[in-house]
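Coordinates in review
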Amino acid sequence: MKFTPDMKILVQGITQPIGSYYAARMKAYGTNLVAGVSAGQGGQTLHGIPVFDLVEEALSEVGYCDATVIFAESYSALDAALEAIDSGLSPIILVTGGIPPLDMIHLLAKAKARETLIVGPSSSGIIVPGKLLLGTQECEFYQPGTIGVISRVSTLTYEVALGLTQAKLGQSIAVNLGSEAIIASSFRQWLEILAQDKRTEAIVLVDQTGGDSEDETAEFIAQAIEKPVIAYVAGQYTPEDKQVGDTSAIIAAQLSGPIANTTTAQHKVAAFKQANIPVAEYPSKIPDLVKKTLKYH
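Bear in mind that the values here come from a model prediction, so they are computed numbers and not experimental data. (Residues numbered from 1 in each chain as written. Predicted model: local features only at pLDDT ≥ 70, side-chain atom pairs only at ≥ 80, totals over all residues. Heavy atoms only, no water.)

Let's shift gears to the pattern of salt bridges. The full count for this structure, using the stated rule, is 7 salt bridges. One network of salt bridges, in which partners are shared, links D86, K110 and R114. (Salt bridge = Lys/Arg side-chain N within 4 Å of Asp/Glu carboxyl O.)

Attention shifts here to the sheet that holds strand β9 (residues 132-135). The strands that make up a sheet are held in pairs by hydrogen bonds between backbone atoms, and each pair lies either parallel or antiparallel. Reading across the sheet, the 7 strands line up as β9-β8-β11-β10-β12-β13-β14 and stay open at both edges, with mixed pairing between neighbours. In this open sheet, the two strands that pair with only one neighbour each are β9 and β14 (279-280). Inspection of the sheet shows strand β8 (residues 125-128) paired to β9 by 4 bridges, in the antiparallel sense. Paired with V128 across the two strands is L132, which belongs to β9. The strands touched by helix α5 (residues 154-166) are β10 (144-151), β11 (171-176), β12 (202-207) and β13 (229-233); relative to β11, the strand with the most contacts, the crossing angle is about 170°. Sheet contacts for helix α9 (residues 265-274): β12, β13 and β14; angle to β13, the most-contacted strand, approximately 165°. (Pairing = 2+ DSSP bridges. Helix = DSSP H or I, 4+ residues; strand = E, 2+ residues; numbered from the N terminus. Contact = heavy atoms within 4.5 Å. Axes fitted to C-alpha atoms, helices over the stretch in contact; angles between N-to-C directions.)

Mapping S151 onto the fold places it in strand β10. There is a polar contact of 2.9 Å between the side chain of S151 and the backbone nitrogen of V153. Setting aside residues up to four positions removed in sequence, S151 forms contacts with T157, V175, N176, L177, G178, F187 and V206. (Polar contact = N/O pair within 3.5 Å; in protein donor to acceptor, adjacent residues only side chain to side chain.)

So, on to helix α3 (residues 77-86). Among the 10 residues that make up α3, 7 are buried, leaving the element largely enclosed by the rest of the structure. Those residues of α3 that sit buried are A77, L78, A80, A81, L82, A84 and I85. Those residues of α3 that are buried are in contact with β1 (9-12), β5 (67-70), β6 (92-94), α4 (101-114) and β7 (118-119). At the exit of α3 stands G88, carrying a positive phi of roughly 80°. (Buried < 20%, exposed > 50% of the residue type's maximum accessible area, 1.4 Å probe, protein only.)

What follows concerns the confidence of the model for the chain. Residues with a pLDDT of 70 or more make up 89% of the chain, whose mean pLDDT is 90. The low-confidence segment residues 243-261, where pLDDT is below 50, has 28 contacts with residues more than four positions distant or belonging to other chains. (pLDDT = per-residue confidence, 0-100.)

This brings us to the packing of α3 against α4. For the pair α3 and α4, the least separation of the axes is 10 Å and the interaxial angle reads 5°. Classified by the angle their axes make, α3 and α4 are roughly parallel. Between α3 and α4, the contacting residues are L78, A81, L82, I85 and D86 on the first element and D103, H106, L107, K110, A111 and R114 on the second. For the contact of α3 with α4, a count of residues per class yields 6 nonpolar, 1 polar and 4 charged. (Parallel < 35°, antiparallel > 145°, perpendicular 65-115°, else oblique. Nonpolar A, V, L, I, M, F, W, Y, C, P; charged D, E, K, R; others polar.)

Structure (structure tokens):
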């Protein structure tokens, strides 16, 4: 999958205040926004972008689009995403958070059946520094380069990006997967994508407590990824019984007593280290680890 400045991008929920604000920022960054969609708001122009009532109407007017960024309200995000899938749009960036779990289960089943890549929910999106902005990423922390960043922690991603930038380690792409209990795409999916990306020489994973896929992720990296991979897990020094990373962890803490071991930062760190993947103790240590790993790879 190639992310290039000439991609034609749709914005769903463009007349929402947050959608309008970030559509203007994406366009100013150079992203090729060709149409917006907001039910009942069609016929107007916003930031020079034509607005339509339906995705189907937008595509019939502007032609094929490569991807969509969704800012729709949580109660209507499922309909917006299903409309995008039915129209063949991929990837779909779900900035919207708070989507009901049953809606996400329905959406993931449809996306899998149609082989549609979805990022989110509660995602700040994707940035290819200097070329493309899809979502709400804060572009001032990034500079073009060869380091790919895949993160589950939205705001911490910027600290990591700034540290890399200050160390003169520019980024090829940064992807925020979303921080909710149910997310659409995984570390593994994006590792596969960046493994094929010629611009990316090394990959940084930024994780948090919650979830239990790290053993599988670490094993996949060890067996299938030839590029250097560096990991950081937020909360390494938080006591295990105090770690609450997402909704599922909160429920576990309230209903089941101690949080399951596989959700803790300590378990995640151990899984990565067992697979010989360097793990940074602090975000500030990531640039040095990247330089060291590139030097000896």
